[in-house]
Amino acid sequence: MIVRPAPVRPAPPAARRPAARPPATADVAAVLGPFVAWLASREPYDGLRRRQVRVVERYLRWAVADRGDPRTRRERFESELDVGGTAEAQAVASALDRFAEHRRILAIVPDLDD
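Visitor: Help me out: how do you make sense of the overall build of the chain in this one?
Guide: When helices and strands are tallied, the chain shows 5 helices and 0 strands. Written out in order from the N terminus, the α and β elements of the chain read α-α-α-α-α. Out of the 114 residues belonging to the chain, those deemed buried represent 24%. Contacts spanning at least 24 positions in sequence make up 56% of the contacts within the chain whose residues lie at least 6 apart. Of the roughly 8700 Å² of accessible surface on the chain, a fraction of 57% belongs to carbon and sulfur atoms.

So this is what it looks like as structure tokens:
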């Protein structure tokens, strides 16, 4: 007796289109973890640290799915939040500034694990 695989029908055209990439939780965690540790050494106020981490995590999850120009990603994120001119806008800007500072330090400091 010979067993052959069943014939495979081609998928309909809509199913062939690549789906939008969902946020990669592992990627976000890999970036967020060192930021959280660094922030703990910089910010003495626990409530402010937690708020900044929440904003940065939200930004990172949004950025993974974003398909636009990476150079203007932060501006698009802030405009999509639609909180311009409010205290929340200042809190978001402050958190993203802290994250940018952390990224600049990582870019300057040589990799110590090598």
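Okay, back to it.
Visitor: I tried to follow the confidence of the model for the chain on my own but got confused; where do I start?
Guide: Atomic detail in the predicted coordinates should be set aside for any region of low pLDDT. Summarising the model, the chain shows a mean pLDDT of 82, and 73% of its residues fall at 70 or more. Looking across the chain, the model is least confident in helix α1 (residues 13–16), with a mean pLDDT of 49, and most confident in helix α3 (residues 46–65), with 94. In this model residues 14–23 is a low-confidence stretch, pLDDT under 50, and it forms 9 contacts with partners more than four residues away in sequence or in other chains.

Visitor: In this structure, what is going on with the layout of surface pockets? I would like to understand it.
Guide: Take a probe with the size of a water molecule and roll it over the atoms, and the empty space left behind shows itself. The volume enclosed by the largest pocket comes to roughly 190 Å³. Lining the largest pocket are Val31, Tyr59, Leu60, Ala63, Val64, Pro70, Arg71, Arg73, Arg74, Glu75, Phe99 and Arg103. Taken together, the elements giving at least two residues each to the lining of the largest pocket come down to α3, α4 (73–81) and α5 (87–108). Looking at which element gives the most residues to the lining of the largest pocket, the answer is α3, with 4 residues. A per-class count over the lining of the largest pocket returns 7 nonpolar, no polar and 5 charged.

Visitor: Looking at this model, I keep getting lost on α4. Mind explaining?
Guide: Each α-helix turn comprises 3.6 residues. Residues three or four places apart therefore point the same way. Buried residues of α4: Arg73, Phe77 and Leu81, and no others. All buried residues of α4 fall inside an arc of 70° around its axis, so they share one side. Contacts made by the buried residues of α4 are with α3 and α5. Asp82 sits one or two positions beyond α4 and adopts a positive phi of about 55°.

About the thresholds
Residues numbered from 1 in each chain as written. Predicted model: local features only at pLDDT ≥ 70, side-chain atom pairs only at ≥ 80, totals over all residues. Heavy atoms only, no water. Helix = DSSP H or I, 4+ residues; strand = E, 2+ residues; numbered from the N terminus. Buried < 20%, exposed > 50% of the residue type's maximum accessible area, 1.4 Å probe, protein only. Contact = heavy atoms within 4.5 Å. Areas by Shrake-Rupley, 256 points an atom, 1.4 Å probe, with all protein chains shown as cover. pLDDT = per-residue confidence, 0-100. 1 Å grid on protein atoms, 1.4 Å probe; cavity = no way out; pocket = protein on both sides within 12 Å on 5 of 7 lines; lining within 4 Å. Points joined across faces, edges and corners; volume = space filled by probe spheres on them. Nonpolar A, V, L, I, M, F, W, Y, C, P; charged D, E, K, R; others polar. Arc of directions from axis to C-beta.

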